[in-house]
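Commentary on secondary and tertiary structure
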There are 2 protein chains.
Amino acid sequence: MTKLEKPHHHGDLREALVIAGIELMEENGVDALTLRKCAARAGVSHAAPAHHFKGIASLKIAIMARGHSFFATAIAKEMTRTPPDPMAQLQAVCQGYLVFANRHNPLFQLMFNSSNTDLSTITPAVAAEFLQNAHESYGLLKQACEPFENAPGAANSTEITVWSLVHGFAMLFNKDSSRAAPTGPIPEFAKILAGLELRIKPGL
Amino acid sequence: MTKLEKPHHHGDLREALVIAGIELMEENGVDALTLRKCAARAGVSHAAPAHHFKGIASLKIAIMARGHSFFATAIAKEMTRTPPDPMAQLQAVCQGYLVFANRHNPLFQLMFNSSNTDLSTITPAVAAEFLQNAHESYGLLKQACEPFENAPGAANSTEITVWSLVHGFAMLFNKDSSRAAPTGPIPEFAKILAGLELRIKPGL
DNA sequence: TCCTTATTTTTACACTGTCTAGATAGAGTT
DNA sequence: AACTCTATCTAGACAGTGTAAAAATAAGGA
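Residues numbered from 1 in each chain as written. Chains lettered and ligands numbered in written order. Predicted model: local features only at pLDDT ≥ 70, side-chain atom pairs only at ≥ 80, totals over all residues. Heavy atoms only, no water.

1. A word on the interface of chain B and chain A
Quick note on the threshold: Here a residue-residue contact requires only that any non-hydrogen atoms of the pair lie within 4.5 Å. The buried area of a pairing is the accessible area, by a 1.4 Å probe, that goes missing from both parts when the two are put together, added over both. One speaks of a salt bridge when a side-chain nitrogen belonging to Lys or Arg is within 4 Å of a carboxyl oxygen belonging to Asp or Glu. Only DSSP runs of H or I covering at least 4 residues are called helices, and only runs of E covering at least 2 are called strands; the numbering of each starts at the N terminus.
Taken together, the contacts link 45 residues of chain B with 45 residues of chain A. With both chains or domains summed, chain B and chain A bury close to 3900 Å², and 61% of this area falls on carbon and sulfur atoms. For the pair chain B and chain A, the interface holds two salt bridges. Where R199 of chain A meets E197 of chain B, a salt bridge forms, and the shortest distance between an N and an O atom there is 2.9 Å. Mapped by element, the contributors of at least two residues to the side of chain B that touches chain A are α5 (105–111), α6 (124–145), α7 (157–173) and α8 (189–194) of chain B. Ranked by residue count, the leading element in the side of chain B that touches chain A is α7 of chain B, at 13 residues.

Right, dumping it as structure tokens:
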């Protein structure tokens, strides 16, 4: 069979389904993500995905894994174009975090919606990929927190604090959250982060 | 007609649907919330809810409003049983926040899932009730932040900081979040909050 | 070539949200 | 009391969804 004819096999249906899902969400929001629509967009029957993903939950995890990969890339890019000052680096991580949450809002919502994060019924390989990619972005933040002091008796308090802070800020005060502040203008996150008055570890 | 016979009218179907929805979620998670199941549990046909809510989105908003009411109550209760020291009060607010997020996790997830927060197609009265109740809990947090200094040039930085912090912490580090820390044990939130080193306003 | 496996389609089913038309109850109004 | 009018509810239908099973097709090796 020549390459010009349409083969029965798709070639890389798995990849096509992930891409289709991301596109559907970017175009029409989280709820537009549907197994059948993904299949249709990939040019394949609605039951075809079953051979690559155990079900819609499994496909969602795969999409979330891809999202976390983009996420880590976005944060890393922001870091590389920032001078190696500790505070500037940490600001860059948060900047990347918030920019991604804005630019890929539906994907971001999916990634951090805990009702999708039931890995128990998922193909182990897909679950593993998701966890690894998710840890990647956290590693960048952890690394950026390294130079700063922690609270006494909590070796990781800074990273927990900053992660909670930036994540909560992204969830609550991004564009389109109708619940947002009954309390005047929202400060820039950079100012919020500076308000933590983090201290460089002695001897650095 | 005597009160003993079953009337054609339900009596308070609207209320019954809200309760049914909350019960369904508490029993089987967020995804168990379904228009038809709510109707069934309220002992009514699947089309009956249409007269009280424009659709499932509208019912969800009503449930979220009820949730925010419980939420504010839980926070207020925690405040009243705490001595009127500013820092203790703020800790109490966060304690109430996190306890609620744990004890009513599906409801909490629903309340803060922005994909449900499209008020544009909703009955205005339902939307208004939701916004009012949502602002109630925020008011308590704002009030507890009142005694503390804000960052220069941001009159509300403390409340934004604390709200982001506690909300992010609740989302990321509650039980069952499979993405949680690749980084050792999670500190108590009280320690995290104390780490902010908030200062009482001069003259208080 | 034949067999085996991987991939996809077809068909079917239960469940969901929504819409329509019709039935019934409740509350006036005259 | 009879009549209307409105609110509420039921019954039925429809398109879309996820999932499962069986049949068809392609790909690759023996």
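Past the structure itself, the notes keep going.
2. Let's talk about the relation of the copies chain B and chain A
Comparison of the two chain copies shows a relationship of rotation about an axis with a shift along it. For clarity, the cut-off: Least squares is the method for superposing the copies, and the C-alpha atoms it fits come from residues with pLDDT of at least 70 in both.
Rotating chain B by 180 degrees and translating it 0.0 Å along the rotation axis places it on chain A, where the RMSD comes to 0.0 Å. Within this description, the copies of the chain are treated as partners about a two-fold rotation axis.

3. Some details on the nonpolar core
Soluble globular proteins tend to bury their nonpolar side chains together. Defined as follows: Nonpolar cores were defined as sets of buried Ala, Val, Leu, Ile, Met, Phe, Trp, Tyr and Cys residues, with membership established by side-chain atoms within 4.5 Å. Exposure classes here rest on a 1.4 Å probe applied to the protein chains alone. A residue is buried below 20% of its type maximum, exposed above 50%, and partly exposed in between.
Residues I63, Y97 and F189 of chain A together with I63, Y97 and F189 of chain B are the most contacted members of the largest nonpolar core, which totals 120 residues. In contact with Y97 of chain A, other than residues within four places in its own chain, are F71, I75, F108, F112, W163, V166, H167 and A170 of chain A.

4. Description of the pattern of salt bridges
Any two side chains of opposite charge can pair, on the condition that their charged atoms come close. Tallied over the entire structure, the rule returns 15 salt bridges over all chains. The shortest N-O distance in the salt bridge between R199 of chain A and E149 of chain A comes to 3.5 Å. With R199 of chain A in the segment after α8 (189–194) and E149 of chain A in the loop between α6 (124–145) and α7 (157–173), this pair connects stretches of sequence that are 50 residues apart. With relative accessibility at 32%, the residue E149 of chain A sits in the partly exposed group. The closest approach of N and O atoms between E78 of chain B and R81 of chain B, which form a salt bridge, is 3.8 Å.

5. Side note on helix α4 (residues 86–103) of chain A
Each α-helix turn comprises 3.6 residues. Residues three or four places apart therefore point the same way. Stated precisely, the cut-off is as follows: A helix is expected to span 1.5 Å multiplied by its residue count minus one.
The terminal C-alpha atoms of α4 of chain A, which comprises 18 residues, lie 26 Å apart, in line with the 26 Å expected from a rise of 1.5 Å per residue. What α4 of chain A keeps buried is the set Q89, L90, A92, V93, C94, G96, Y97, L98, F100 and A101 of chain A.

6. Description of the domain arrangement of chain A
Residue and element names in this part refer to chain A. Definition in use: All domain edges in this entry derive from an automatic or database-based domain assignment. Polar contacts here mean pairs of N or O atoms no more than 3.5 Å apart (in protein, one a potential hydrogen donor and the other a potential acceptor; neighbouring residues in sequence count only if both atoms are side-chain atoms).
The domain architecture assigned to chain A consists of domain 1 (1–52) and domain 2 (63–194). Once you take the C-alpha centre of each, domain 1 and domain 2 turn out to be 29 Å apart. Facing the eleven residues of domain 1 at the interface are eleven residues of domain 2. Contact with domain 2 buries area across many residues of domain 1, yet M25, E26 and V30 alone supply 45% of it, more than any other trio. We note a salt bridge from E15 to R66, for which the minimum N-O separation is 2.9 Å. Taken together, the links from domain 1 to domain 2 amount to one residue pair in polar contact (both at pLDDT 80 or more).

7. Focus on the state of the cysteines
Residue and element names in this part refer to chain B. Just so we agree on the cut-off: A pair of sulfur atoms, both from cysteines and within 2.5 Å, is called a disulfide here.
Throughout the structure, instances matching the rule amount to zero disulfides over all chains. Here C145 is not disulfide-linked; the sulfur of C94 is the nearest cysteine sulfur, at 7.5 Å. Its relative accessible area of 4% is what places C145 among the buried residues.

8. Considering the layout of surface pockets
For the record, the criterion: Within this scheme a cavity is a closed region of a 1 Å grid, computed over the protein atoms alone, that accommodates a 1.4 Å probe without allowing it to escape, whereas a pocket is open but has protein on both sides within 12 Å along at least five of seven lines; lining residues each have an atom within 4 Å of a point. Grid points are joined across faces, edges and corners, and a volume is the space filled by probe spheres set on the points. Nonpolar residues are Ala, Val, Leu, Ile, Met, Phe, Trp, Tyr, Cys and Pro. Charged residues are Asp, Glu, Lys and Arg, and all others, Gly as well, are polar.
The calculated volume of the largest pocket comes to roughly 710 Å³. In terms of lining, the largest pocket is formed by 34 residues, of which the most central are N113 and S115 of chain A together with N113, S115 and N116 of chain B. Counting residues per element, the ones that place at least two in the lining of the largest pocket are α5 (105–111) and α7 of chain A together with α5 and α7 of chain B. Considering each element in turn, the lining of the largest pocket owes the most residues, four residues, to α5 of chain A. Across the lining of the largest pocket, the residue classes tally to 13 nonpolar, 14 polar and seven charged. Contributing to the lining of the second largest pocket are 30 residues, with G195 and L196 of chain A together with G195, L196 and E197 of chain B lying nearest its centre. For the lining of the second largest pocket, the elements supplying multiple residues, two or more each, are α7 and α8 of chain A together with α7 and α8 of chain B. Among the residues forming the lining of the second largest pocket, the class breakdown is twelve nonpolar, ten polar and eight charged.

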